[in-house]
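# Geometric and topological summary
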Amino acid sequence: MKAVLLVKDYDKETNTLGEIGCREVDKPQIVHDDDVLIKVAYASLCGSDPNLLKGLFPFKAPFQWGHEFSGIIEELGPGATKKDLKVGDRVTGNFYKTCGACHYCRNMMEQFCPYPEENPKAQAQYFVLRESQVYVIPESVDLMDATLIEPFAIAVRAMERADIKIGQRIAISGGGGIGLMIAQLARSAGASTVVVVEPVESKRQIALEMGADVAIDPFSENLVERSEALTKGYGFDAVIEASGNTKAAESCLEIVGKGGTIVYFSMYDMDYNLPLNLFNYCYHKEITIKGMFLAQLVFERAVEMMVRMNLRPLISKVYSLDECKQAYEDQMSGQYAKLVFDCQK
Ligand SMILES: [Zn+2]
Ligand SMILES: [Zn+2]
């Protein structure tokens, strides 16, 4: 079968990016009792996928890649009996499997499980996950949209971390796939003002389509002045940083209101330190700063919530697996919201 692989590692000495390629590999087999073999329909690129080429993940070439997908069950292991899954079911899944037994798993913090099984190999024609990682797609959600469920789960958790109350004002820093999903969620969660801050014009357009009231270009507009005007001078009740850009991360502090919350959930540059004036932001303004790592516990609810979402405007381009080099280049350009592989093409 065809699969997308890291074919050459990042070279630290020369700071040369790794390479991605489409290769023939063995079709995966049912190995564990509870394995589910899935014929992948669509697999989307994650904003963090290009980090593989920058050496930020502990995997060495050749390494098969991808974690956002939708597909159809082709075969079930004999022990995959707990979720009433059937061959032919339309499914998606969570690539990150936790142990269920450790301190973190038993205390609603599965994301910190020290014994995870990671299986990020979904940009391929077939893919195997354990039954506990597989979710049936609601009937009204089509397969192409369903590949977005994993990033959507991140959006759901980011909203919950932001703790928005009805009528509050929210700003989303970054109009990538997840930022735009948050805009739509914030609208349905009852925010009175939803603002997306995004330098790319086409993404600002999608932001407005997705339910944002205003989309600000931080390069050509004065972000602080516009934010003050939009919030009667109070600043935003919540700011969610969804761009991963460190400059943008800093501007969140300038637009959050007194008593407000900032959620930083992106994968930032490992060496970056946010300058934070504790007197001003934590003492004087009582800002709450929250982080976030994965969205294990909201995954099932995110699947259910998909029936209320319109995520199709996010899908900018569809590629065959053979076109993976181009797809990764396009992802790195920052011009697109979500890029998707049609895995059977
Ligand atoms: Zn992802
Ligand atoms: Zn655990």
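Residues numbered from 1 in each chain as written. Chains lettered and ligands numbered in written order. Predicted model: local features only at pLDDT ≥ 70, side-chain atom pairs only at ≥ 80, totals over all residues. Heavy atoms only, no water.

## Describing the coordination of the zinc ion (ligand 2)
Within the protein, Cys-99 (SG), Cys-102 (SG), Cys-105 (SG) and Cys-113 (SG) serve as the donor atoms for the zinc ion (ligand 2), at 2.3 to 2.4 Å. Seen from the zinc ion (ligand 2), its four donor atoms lie at angles of 104 to 116 degrees, and the figure they make is tetrahedral. Counting along the primary sequence, the residues that act as donors to the zinc ion (ligand 2) give the motif C-x2-C-x2-C-x7-C. An identical accessibility class is assigned to Cys-105 and Cys-113; each is buried. (Donors = N, O, S within 2.8 Å, 3.2 Å for Na, K, Ca; no water. Tetrahedral: all angles 85-135°; square planar, octahedral: opposite > 155°, others 65-115°. Buried < 20%, exposed > 50% of the residue type's maximum accessible area, 1.4 Å probe, protein only.)

## Here we look at helix H2 (residues 149-162)
With 14 residues, H2 should cover 20 Å at 1.5 Å per step; its first-to-last C-alpha distance of 20 Å lies within 8% of that length. With twelve of its 14 residues buried, H2 lies for the most part within the structure. Buried within H2 we find Ile-149, Glu-150, Pro-151, Phe-152, Ala-153, Ile-154, Ala-155, Val-156, Arg-157, Ala-158, Met-159 and Ala-162. Asp-163 sits one or two residues past H2 and shows a positive phi near 55 degrees. (Helix = DSSP H or I, 4+ residues; strand = E, 2+ residues; numbered from the N terminus. Expected span 1.5 Å × (residues − 1).)

## So, the sheet that holds strand E4 (residues 63-64)
In spatial order, the strands read E2-E1-E4; together these three strands make up an open sheet with antiparallel pairing. With one partner strand each, in any of the chains shown, strand E2 (19-24) and E4 form the two edges of the open sheet. In this sheet, E4 lies alongside strand E1 (residues 2-8) in antiparallel orientation, the contact comprising two bridges. When the sheet's bridge partners are listed, Leu-5 is paired in E4 with Gln-64. (Pairing = 2+ DSSP bridges.)

## Examining the domain arrangement of the protein chain
Partitioning the protein chain into structural domains gives domain 1 (2-148 + 311-342) and domain 2 (155-291). Centre-to-centre separation of domain 1 and domain 2, based on C-alpha positions: 28 Å. The partner domain 2 presents 13 residues to the 14 residues of domain 1 that form the contact. Across the domain 1 to domain 2 interface the summed buried area is about 1,100 Å²; carbon plus sulfur atoms make up 68%. Remark: the boundary between domain 1 and domain 2 carries zero salt bridges. At the boundary of domain 1 and domain 2, one finds one residue pair in polar contact (both at pLDDT 80 or more). Class assignment of the residues belonging to the side of domain 1 that touches domain 2 gives a composition of eight nonpolar, five polar and one charged. (Domains from an automatic or database assignment. Contact = heavy atoms within 4.5 Å. Buried area = accessible area lost by both parts, 1.4 Å probe. Salt bridge = Lys/Arg side-chain N within 4 Å of Asp/Glu carboxyl O. Polar contact = N/O pair within 3.5 Å; in protein donor to acceptor, adjacent residues only side chain to side chain. Nonpolar A, V, L, I, M, F, W, Y, C, P; charged D, E, K, R; others polar.)

## Description of unusual backbone geometry
Cis peptide bonds are those with omega within 30 degrees of zero, and the linkage from Ala-61 to Pro-62 qualifies with -5 degrees. Relative to the assigned elements, Pro-62 resides in the loop between strand E3 (35-44) and E4. In this structure, Asp-163 takes a positive phi of about 55 degrees despite not being glycine. By secondary structure assignment, the location of Asp-163 is in the loop between H2 and strand E11 (169-173). The backbone of Lys-232 shows a phi angle near 55 degrees, a positive value even though the residue is not glycine. Residue Lys-232 is classed as exposed on the basis of its relative accessible area of 67%.

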